[in-house]
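If you want the building blocks of each chain, they are given just below.
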Amino acid sequence: MRDFRGPAAAGLTVRTAWSLLALLVACVTSGTAQEMPNPTNAERLQPPVPAAVSPPAPQTRVSETASEEDLTAEASGAQDEEEELGPWGERRSLGAAVGEVTFINILVWSYNEYIRGADFTQVNPRSWWNNLEGGFTYDDNNFNTNMFAHPFHGSLYYNAGRSNGFNYWESLGFSLFGSLMWECCGETHPPAWNDWIATGVGGAAVGEMLYRVSGTVLDNTATGSERTWREIGAFALSPVRGFNRLVSGRSGRVMENPEEPEDHIPGVLSNRLSAGVRIIGEGESLSDSSETHGLFQVDFKFGDEFAQQRRKPFDVFDMSVQLNLGDKQTLGRLSVRGNLFTWDLKKGGDTQHVFAIEQEFQYMNNNAFEFGGQMFDASLHSRFGLSNDWSIRTQVNAIFALLSAVNSEWAFLANDIPNRERFREYDFGPGVGGRIAANLSHKGRQVLSAFYWYQWIDTQNGSNLNGSDAYHNVQLIGARGMVPIGSNFGIGADAYLFLRDSHFELFEDQSQRVPQLRIYGVWDTALVGGGRR
């Protein structure tokens, strides 16, 4: 897919930058949002006290009965109408959601056609039929476009459904539908598997994360300038949601916040901001081809596996975003992992176990390597209480990658790329893997952590020239430590190692070793309900 979502488009760059900035601001301000007491629904719907009337005459009894029935029907209708509203007061509307998805694609097409003057927008019924008849293939867009920009765009489709009253699963359908509409009818280039999966599935992960984070910024009880800035921040995070709140009048209406905390600010919420330097090399040590850059990172945790009462999709999720200053891409990493289904295996006491099926989105892009994908995990989470102040948490993940991408020396030979515009530097393919992680916490603040992640990727497009065998073994190993300073600050450091062993049937095997050291200051903020990490 070639559209305004590529890095060459200034519109995307500005919009992405503003959204990332809003996301960082939202993470800081979300912890300050407080639910204020409001009148209950019953109080708001309390009927007025009727005026005194004379005793009714016998001949009016029939009309009185009818009047009582009418009042009952009206009250029932009012109750039904109220039940149709979502937790944020939104009405469920299929027509509005489909219309907004369609409008997003028309807006994108118009930008490409009339502003960019793109060569792939001359669409008509014949091009639509050709795309449907030709079927899906892969494209040669750069890594940033395929693995980040497309999922970000998919989040707009997703939130067209989410902000019009649909749940996670239903909104996933809108992101898949919106992407399919574009692949078929928005451009003359053939539809691409990687675009549909990244935009549809990745768009749901990114979209739900942005929907939830924007919800922590919103406060329906706020007024004045505070209300204005909260609505602006939420709009920047989730533009479609902000648009729907604006046109419906809910952006300025004072009303109750959602009754269930998972729809607003969960009982446990944490956020860690880190700023410092990163030294990254390529070889046996950091001294080999090393580079030093600044970094800024946000680690955001929404809900808690062991404390959560409600178990809807993404009632528990974690998000990490890393900005690499001076690297080829400022956005060096975006990670989102949210629970879809959760079961308690052992609850209560010093030892707890939870099993979850999770959706995972990964994007890593720097001067040394590229890696990312759309994944689903089967995860075992455990918590072991050592004392009142100390605890250990562990997790074991079995990972299925629906579609992964990793840099490869021979990817430029991919021979199933119609309308080639560039030589791609990474391979596409599904895969399986596993990850183990553990962290030690003191008074709710994470002070030590370590992880190991292995991922096998079976190349389906790229280095597998003419159908030859090609696969990658990717490993990520890391350890992290933090020394607390007071109750909210600290000094942290971590070491990471990226390993890639790539095997090719027709070419020489390749390997890559990328060590990384980071040193930074830490500020733990947005600590709600003991949600320190």
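Up top you'll find the structure we're talking about.
Scope of this entry: the structure provided in the associated data block. Note that the coordinates shown come from a computational prediction; the quantities given were computed from them, not determined experimentally. Residue numbering note: each chain is counted from 1, following its sequence as written. Predicted model: local features are reported for residues with pLDDT of at least 70 only, side-chain atom pairs are reported and counted for 80 or more only, and whole-chain, interface and lining totals are derived from all residues. In computing side-chain values, all of the structure's heavy atoms are included and hydrogens and water are not.

## So, the nonpolar core
Part 1 of the argument: The criterion is simple. A nonpolar core is a set of buried Ala, Val, Leu, Ile, Met, Phe, Trp, Tyr and Cys residues joined through side-chain atoms within 4.5 Å. Burial here depends on accessible area, computed with a 1.4 Å probe over protein chains only, as a share of the maximum for the residue type. Under 20% is buried, over 50% is exposed, and the range in between is partly exposed. Grouped together as the largest cluster of nonpolar side chains are 41 residues, with contacts concentrated most on Met209, Phe317, Met319, Leu334 and Tyr363.
Part 2 of the argument: A run of H or I in DSSP becomes a helix once it reaches four residues, and a run of E becomes a strand once it reaches two; helices and strands are each numbered from the N terminus. Take this core: its biggest share by element is 9 residues, from helix H8 (residues 193-217).
Part 3 of the argument: Membership of the second largest hydrophobic core comes to 15 residues, among which are Met364, Met375, Val474 and Phe498.

## Some thoughts on the side chain of Arg227
Part 1 of the argument: Tracing the backbone through its elements, the reader meets Arg227 in helix H9 (residues 224-237).
Part 2 of the argument: Residues within four places of Arg227 in sequence aside, it is in contact with Asp219, Asn220, Thr221, Ala222, Arg245, Arg250, Ser251, Gly252, Arg253 and Val254. In this analysis, two residues are considered to be in contact whenever any of their non-hydrogen atoms come within 4.5 Å of each other.

## Some remarks on the pattern of salt bridges
Part 1 of the argument: Should a side-chain nitrogen of Lys or Arg be within 4 Å of a carboxyl oxygen of Asp or Glu, the pair is scored as a salt bridge. Under the definition given, this model contains 26 salt bridges.
Part 2 of the argument: Residue Arg393 pairs with Asp304 through a salt bridge whose shortest N-O separation is 2.8 Å. With Arg393 in strand E7 (residues 390-407) and Asp304 in the loop between strand E2 (291-302) and strand E3 (317-325), the pair connects residues that are 89 residues apart, well separated along the chain.
Part 3 of the argument: With relative accessibility at 7%, the residue Asp304 sits in the buried group.
Part 4 of the argument: The residue Asp377 makes a salt bridge to Arg435 at a minimum N-O spacing of 3.3 Å.

## Some thoughts on the pairing of strand E5 (residues 351-365)
Part 1 of the argument: Most of E5 is tucked away: 11 of the 15 residues are buried.
Part 2 of the argument: The pairing criterion is simple: DSSP has to find at least two bridges between the two strands. Taking the residues between adjacent antiparallel strands as the criterion, strand E4 (residues 331-346) and E5 are bridged by 4 residues, where Gly348 takes a positive phi near 90 degrees.

## Here's the deal with helix H4 (residues 94-116)
Every α-helix winds through 3.6 residues per turn, so residues three or four apart in the chain are directed the same way.
Part 1 of the argument: Its 23 residues place the ends of H4 32 Å apart at the C-alpha level, agreeing with the 33 Å of an ideal helix rising 1.5 Å per residue.
Part 2 of the argument: When we look at burial in H4, the residues that qualify are Ala97, Glu100, Val101, Ile104, Asn105, Val108 and Asn112.
Part 3 of the argument: Summarising the contacts, the buried residues of H4 are in contact with helix H6 (143-162), helix H7 (168-185) and helix H10 (239-248).
Part 4 of the argument: Just beyond H4, the residue with positive phi is Gly117, at close to 65 degrees. In this analysis, the expected span of each helix is defined as 1.5 Å times one less than the number of residues it contains.

Structural measurements only, silent on function.
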